[in-house]
Amino acid sequence: MVKWIIAAVFLGQAAGADPVAQVEAAANAAFDRMPVVQQVDQIAGLCGADESVNAVVAYCTSTNRILLARDAMAAPQTPYMLAHVYGHAVQVQHGVADFALRQIRQRRTEEAMLRGLVTRQVECIAGFLLARAGVPPFDLAVAFAEEPFTDSHWGRDPLRVGPEVSIGMAARAEWLAIGQQGDLAACGPGEFTAELLLDALNL
């Protein structure tokens with residue numbers, strides 16, 4: 001009888017778990033200075049966003065806020081999408097974005113490659129946060145018909161001029177899967193080592 005009660009309580013908690021809230025809690029536990037998540041009716045019109053900006057989630061670095069569309073809260077892709085923009089926030093708040101920007105300014109002919117490395121690391125951080133949040137392994141190819149996050153979805157005000165990067169579905173899925181193994185030290189594609197991430201991680 002006691003075992004049945006314990007099992008019922010556990011299943012009730014699992015059924016009532018909110019994966020979006022779990023990702024938010026995991027990000028704030030793992031790293032300092034994470035942005036506040038603000039649920040909004042629409043992202044266009046906020047932080048300089050227009051209809052070209054991702055309609056589900058966007059990270060406004062000017063105010064350190066994540067804008068999350070209220071009507072997307074229950075969608076199965078939303079925990080991943082939130083974890084992705086948290087990946088950008090980790091880079092911004094802990095020095096990786098500054099390093100990347102310096103490299104891009106000095107090596108304009110390699111900008112596409114450098115932004116690709118940044119994006120791979122973001123996907124890896126997203127996977128790490130999903131693992132920390134207890135979210136089951138997430139398959140991008142199943143969840144999305146086309147490569148996600150090729151639109152503007154992070155940056156300072158105005159968001160409509162934020163970076164647009166494509167690295168292909170396979171590369172995104174590969175680095176997300178690496179992160180989902182739970183080892184942040186593995187999130188170091190090319191020149192963008194995981195050293196700053198590990199320094200920032202709250203153990």
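It should be emphasised that the depicted structure is a prediction, and the values quoted were computed from it without experimental measurement.

A. Region of interest: helix α4 (residues 96-106). Listing the buried residues of α4 in full gives Val-96, Ala-97, Ala-100, Gln-103 and Ile-104. Looking straight down α4, one finds that the buried residues subtend no more than 125 degrees of arc, so they occupy a single side. Summarising the geometry of α4, the exposed residues directed more than 90 degrees from the buried face are Arg-105 and Gln-106. Those residues of α4 that are buried are in contact with α3 (78-93), α5 (111-132) and α8 (195-200).

B. Structural detail: unusual backbone geometry. For the bond running from Asp-157 to Pro-158, omega is 10 degrees, close enough to zero to count as cis. Mapped onto the secondary structure, Pro-158 falls in the loop between β4 (154-155) and α7 (169-180). Positioned with a positive phi, Arg-33 is a non-glycine residue whose angle comes to about 60 degrees. Tracing the backbone shows Arg-33 in the loop between α2 (19-30) and β1 (36-40). Unlike most non-glycine residues, Cys-47 shows phi in positive territory, near 50 degrees. Along the polypeptide, Cys-47 turns up in the loop between β1 and β2 (57-60).

Reading guide: rules and limits
- Residues numbered from 1 in each chain as written.
- Predicted model: local features only at pLDDT ≥ 70, side-chain atom pairs only at ≥ 80, totals over all residues.
- Heavy atoms only, no water.
- Buried < 20%, exposed > 50% of the residue type's maximum accessible area, 1.4 Å probe, protein only.
- Helix = DSSP H or I, 4+ residues; strand = E, 2+ residues; numbered from the N terminus.
- Arc of directions from axis to C-beta.
- Contact = heavy atoms within 4.5 Å.

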